[in-house]
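Summary of the model geometry
Below, each chain spelled out in residue letters.
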Amino acid sequence: MMMAERAMLLIMKTPSLMNGYIVARVRKKHASTHPRLQAAIERRAEMTEVIAMLAAHPRGAERVDHKGDLPIHSACKHNADPLVIECLLEANPTGATARDKKGFLPIHLAAGYRAELESVELLVRTFPESVSCMDKRGCLPVTLARTYDAPRDVVEFLASETTDEAMAEEWVARREDATRRRRRKEMRERRRGGGIVGLAVGLARRLGSALGELAGARGTATRRRRRRSGGGVEYR
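What counts, and at which threshold
Residues numbered from 1 in each chain as written. Predicted model: local features only at pLDDT ≥ 70, side-chain atom pairs only at ≥ 80, totals over all residues. Heavy atoms only, no water. Helix = DSSP H or I, 4+ residues; strand = E, 2+ residues; numbered from the N terminus. Buried < 20%, exposed > 50% of the residue type's maximum accessible area, 1.4 Å probe, protein only. Axes fitted to C-alpha atoms, helices over the stretch in contact; angles between N-to-C directions. Parallel < 35°, antiparallel > 145°, perpendicular 65-115°, else oblique. Left-handed = near helix turned anticlockwise from the far one by under 90°. Contact = heavy atoms within 4.5 Å. Nonpolar A, V, L, I, M, F, W, Y, C, P; charged D, E, K, R; others polar. pLDDT = per-residue confidence, 0-100. Patch = residues over 30% accessible without salt bridge, like charges linked within 9 Å, V, L, I, M, F, W, Y side chains within 5 Å. Areas by Shrake-Rupley, 256 points an atom, 1.4 Å probe, with all protein chains shown as cover. Salt bridge = Lys/Arg side-chain N within 4 Å of Asp/Glu carboxyl O. Lys, Arg positive; Asp, Glu negative; His and termini not counted. Charge placed at Lys NZ, Arg CZ, Asp CG, Glu CD. Core = buried A, V, L, I, M, F, W, Y, C linked by side-chain atoms within 4.5 Å.

Structural notes on unusual backbone geometry
In terms of backbone geometry, most residues other than glycine have negative phi values and most peptide bonds are trans. Here the phi dihedral of Arg 114 falls at roughly 60°; this positive angle occurs in a residue that is not glycine. In this structure, Arg 114 sits in the loop between helix H7 (106–112) and helix H8 (117–126). Judged by its relative accessible area of 46%, Arg 114 is partly exposed. Backbone geometry at Asp 149 places phi at a positive 55°, although glycine is not the residue there. Residue class for Asp 149 comes out exposed when judged on its relative accessible area of 59%.

Set out below in structure tokens:
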């Protein structure tokens, strides 16, 4: 039985969910449910509520929000129930291959945000090559899982699915990324240092000019005072 059919059976057996489903179908005539679906996922609403909204509007799983995230991205970030992950992937299987604006696949987010093993397995089953895909910094899902203390079974599963070739490519990519970051840091420090030196030189010039003007004004005042008093150069 397909997940959508199982979700509908669950909805039909639960009066509160059936009411929510009917309301969502009525609202479809007036506005899109997509913003509400994303909001429900992000506020960690009850699994049954999210499934009811998705069953009413399956196309909502394909729509991107203002941050460039699909619902599957938000679900992985907020540790949604594995049944929600499964329903989203069934409604939009290509979501497992989609990167967000920061270059993360859903599998990266699931590993980094310590998702459950069942959710990670669903993502890998939908897009098997994802275990060998690196993020923009050159990190594999298994590396993110280790870095952010994902559950042990998740780390072991990802490690078992990741090939030695992918690990070798990650090592090279991470070294290159570290080199780029170091060079950017050095450039920023040089610019910051040059800016400070330039500022100091400019302040010194302004101070010298101001002192020169002050000395000139004092000299002029002294000469005028001597002319008024009729005196010349004073000898001591």
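Remarks on the packing of helix H4 (residues 47–56) against helix H6 (residues 82–91)
Look at H4 against H6: their axes get within 10 Å of each other, and the N-to-C directions meet at 10°. In terms of orientation, H4 and H6 fall into the roughly parallel class. Crossing hand, H4 versus H6: left-handed. Contact with H4, carried on its side by Met 47, Val 50, Ile 51 and Leu 54, involves Leu 83, Val 84, Cys 87, Leu 88 and Ala 91 of H6 and no other residues of that element. Of the residues assigned to the contact of H4 with H6, the class counts are 9 nonpolar, no polar and no charged.

Focus: the packing of H8 against helix H10 (residues 152–161)
Put simply, H8 and H10 touch, their axes get as near as 9 Å, and they point 20° apart. When the axes of H8 and H10 are compared, the pair comes out roughly parallel. Considering only the axes of H8 and H10, their crossing is right-handed. Across the interface between the two elements, Leu 117, Val 120, Glu 121 and Val 124 from H8 touch Asp 153, Val 154, Phe 157 and Leu 158 from H10.

Observations regarding the confidence of the model for the protein
A residue-level look at the protein finds 72% of positions with pLDDT of 70 or above and a mean pLDDT of 80. The secondary structure element of the protein with the lowest average pLDDT is helix H2 (residues 15–27), at 50, and the one with the highest is H7, at 97. Residue range residues 26–33 is modelled with pLDDT below 50. Its contacts to residues more than four positions away, or to other chains, number 7 contacts.

Digging into a positive patch on the surface
On the surface, a cluster of positive charge is made up of Arg 184, Lys 185, Arg 188, Arg 191 and Arg 192. Along the polypeptide, Arg 191 turns up in helix H11 (residues 164–229). Under the relative-accessibility criterion, Arg 191 is labelled exposed at 60%.

Points about the nonpolar core
Judged by nonpolar contacts, the single largest core of 45 residues is most densely connected at Ile 72, Ile 85, Leu 88, Val 120 and Leu 158. Elements represented by at least two residues in this core include exactly helix H3 (34–42), H4, helix H5 (71–77), H6, H7, H8, helix H9 (141–147) and H10. When residues in this core are grouped by element, the largest group, 6 residues, is from H6. Setting aside residues no more than four positions away along its own chain, Ile 72 makes contact with Ile 85, Leu 88, Leu 89, Gly 95, Pro 106 and Leu 123.

What about the pattern of salt bridges?
Per the counting criterion, the structure on display carries 7 salt bridges. Taking the shortest distance from any N to any O, the salt bridge between Arg 43 and Glu 49 comes out at 2.7 Å. On the basis of relative accessibility, which here comes to 53%, the residue Arg 43 falls in the exposed class. Taken together, the shared-partner salt bridges connect Asp 177, Arg 180 and Arg 181 into one network.

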